[in-house]
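If you want the building blocks of each chain, they are given just below.
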Amino acid sequence: MISILILALVATPAVAADDFVDVTVGNMPLVLSAPHGGTEKPVGVPNRTSGTLKRDTNTYELAIELAAAIEKRTGKTPFLVTNRLHRVKMDPNRAIEEATQGGVFAAAIYRAYHKALEESCQKALQIGGGDALLIDLHGHAHPDDWIEVGHLLRGSDLAVPDDELKDVDWIRGPRSIGALLEKVGFQAVPSPRLPHPDGKKFWSGGYITRHYRKNGMRTLQFEHPWSVRKKEGRATSVPALA
């Protein structure tokens, strides 16, 4: 009986689920999310055994530095929600069943993350008078050194003429996010210069981008190449992103 009790105590994390979710309350209609940059692997939280298990290296740091750079540039603070639990334990950018795979404490952290994200979106919408933007920050390992802007459109969806693409100005027009990224020196797809990924691997957006796109909330997924995320590159990439 004593040995069973000891095992139970060892297997139960001595921290609350909220301790793995960092939240900054903002005062502008912008929400930043970084679900895959966490590094912590509590022994008592079982590993996921299927799906993508690798973290998006340096996206946690990128999100924090980007929020600070936006505040420095604008005098306003974006809402920021970051996850410190490693992706092998829990993936906030999936439905809860795939995200936690039966892990009870992982599910509690998952719910804490999405509670914080939902509250941040609601407050951002109030500040924006019914309009706000959520950017979900990720990292890709594709060979092309470009930022993949996920509009929830596959590469094949983008590979059509402009007059066949709904909301084309927002997606790749001269004032689109891709155009703005190009203007400050990044390669971006979709954008005026790179209207679609030309059959190459491309992340179009995930659960967070899809789930929170409602009630005036615009959503985008940014997949950053290593050149943007690496420590020595962020000194220039973060101010440009801001």
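Keep in mind it's a predicted model, so treat the numbers as computed, not measured.

Novice: Help me understand the overall build of the chain in this model?
Specialist: For the chain, the count of helices and strands is 10 helices and seven strands. For 242 residues, the compact-globule formula gives about 18 Å, and the C-alpha radius of gyration of the chain, at 19 Å, lands near that figure. Principal-axis analysis of the C-alpha atoms places the extent of the chain at approximately 70 × 40 × 35 Å. Here the chain, with 242 residues, has 48% of them falling under the buried criterion. Taking the intrachain contacts of the chain between residues at least 6 apart in sequence as the baseline, contacts between residues at least 24 apart amount to 76%. Entry remark: accessible area of the chain is about 12,100 Å², with carbon and sulfur atoms responsible for 56%.

Novice: Could you clarify how one ought to interpret the nonpolar core in this entry?
Specialist: The nonpolar side chains of a soluble globular protein tend to be buried with one another. Counting 26 residues, the largest nonpolar core has Val21, Val31, Ile109, Leu117 and Leu134 as its most contacted members. Elements represented by at least two residues in this core include exactly strand S3 (79–83), helix H4 (104–127) and strand S4 (132–139). When residues in this core are grouped by element, the largest group, 11 residues, is from H4. Leu66, Ile147, Ile177 and Ala188 belong to the second largest nonpolar core, which has 25 residues in total.

Novice: Looking at this structure, I do not really get the confidence of the model for the chain. What am I missing?
Specialist: Detailed conclusions should not be drawn from predicted coordinates in areas where pLDDT is low. In this model, the chain carries an average pLDDT of 94, and 94% of its residues clear a pLDDT of 70 or more. Between residues 1–13, whose pLDDT stays under 50, and residues either more than four places distant or in other chains, the model counts four contacts.

Novice: Is there a simple way to think about the packing of helix H2 (residues 59–74) against helix H10 (residues 234–241) in this case?
Specialist: Each pair of packed helices gets described by two things: the angle between the helix axes and the distance between those axes. Following both chains from N to C, one finds H2 and H10 inclined at 55 degrees, their axes separated by 9 Å at the closest point. What the angle tells us is that H2 and H10 run oblique. For the pair H2 and H10, the sense of crossing is right-handed. Along the contact surface, H2 presents Glu61, Leu62, Glu65, Leu66 and Ala69, while H10 presents Arg234, Val238 and Leu241.

Novice: What is the right way to read the sheet that holds strand S1 (residues 21–24) from this model?
Specialist: Neighbouring strands of a sheet are bound in pairs by backbone hydrogen bonds; such pairs are parallel or else antiparallel. Pairing within the open sheet is mixed, and its seven strands lie in the order S1-S3-S2-S4-S7-S5-S6. Either end of the sheet is taken by a strand with one partner, and the two such strands are S1 and strand S6 (188–189). Judged from the three bridges that link them, strand S5 (residues 147–150) and strand S7 (residues 217–224) form a sheet pairing that is antiparallel. Bridge pairing in S7 places Gly150 opposite Gln221. Set on the sheet, H4 makes contact with S1, strand S2 (30–34), S3, S4 and S7; between it and S3 the angle comes to about 170 degrees.

Novice: Looking at this structure, how should I read the pattern of salt bridges?
Specialist: Oppositely charged side chains can pair when the atoms bearing their charge come close. One pass over the full model with this rule turns up 14 salt bridges. One salt bridge connects Arg234 with Glu65, and the closest N-O pair in it is separated by 2.9 Å. One end of the pair, Arg234, is in helix H10; the other, Glu65, is in helix H2, and 169 residues separate them in sequence. What makes Arg234 buried here is its relative accessible area of 9%. Close ionic contact of Glu119 with Lys115 constitutes a salt bridge, the shortest N to O distance being 2.8 Å. Of the two residues, Glu119 and Lys115 both sit in helix H4, four residues apart, roughly one turn of that helix. Counted as one network, the salt bridges with shared partners bring together Asp56, Arg87, Asp91, Arg94 and Glu98.

Definitions and limits used
- Residues numbered from 1 in each chain as written.
- Predicted model: local features only at pLDDT ≥ 70, side-chain atom pairs only at ≥ 80, totals over all residues.
- Heavy atoms only, no water.
- Helix = DSSP H or I, 4+ residues; strand = E, 2+ residues; numbered from the N terminus.
- Rg over C-alpha atoms; globule rule 2.2 N^0.38 Å.
- Buried < 20%, exposed > 50% of the residue type's maximum accessible area, 1.4 Å probe, protein only.
- Contact = heavy atoms within 4.5 Å.
- Areas by Shrake-Rupley, 256 points an atom, 1.4 Å probe, with all protein chains shown as cover.
- Core = buried A, V, L, I, M, F, W, Y, C linked by side-chain atoms within 4.5 Å.
- pLDDT = per-residue confidence, 0-100.
- Axes fitted to C-alpha atoms, helices over the stretch in contact; angles between N-to-C directions.
- Parallel < 35°, antiparallel > 145°, perpendicular 65-115°, else oblique.
- Left-handed = near helix turned anticlockwise from the far one by under 90°.
- Pairing = 2+ DSSP bridges.
- Salt bridge = Lys/Arg side-chain N within 4 Å of Asp/Glu carboxyl O.

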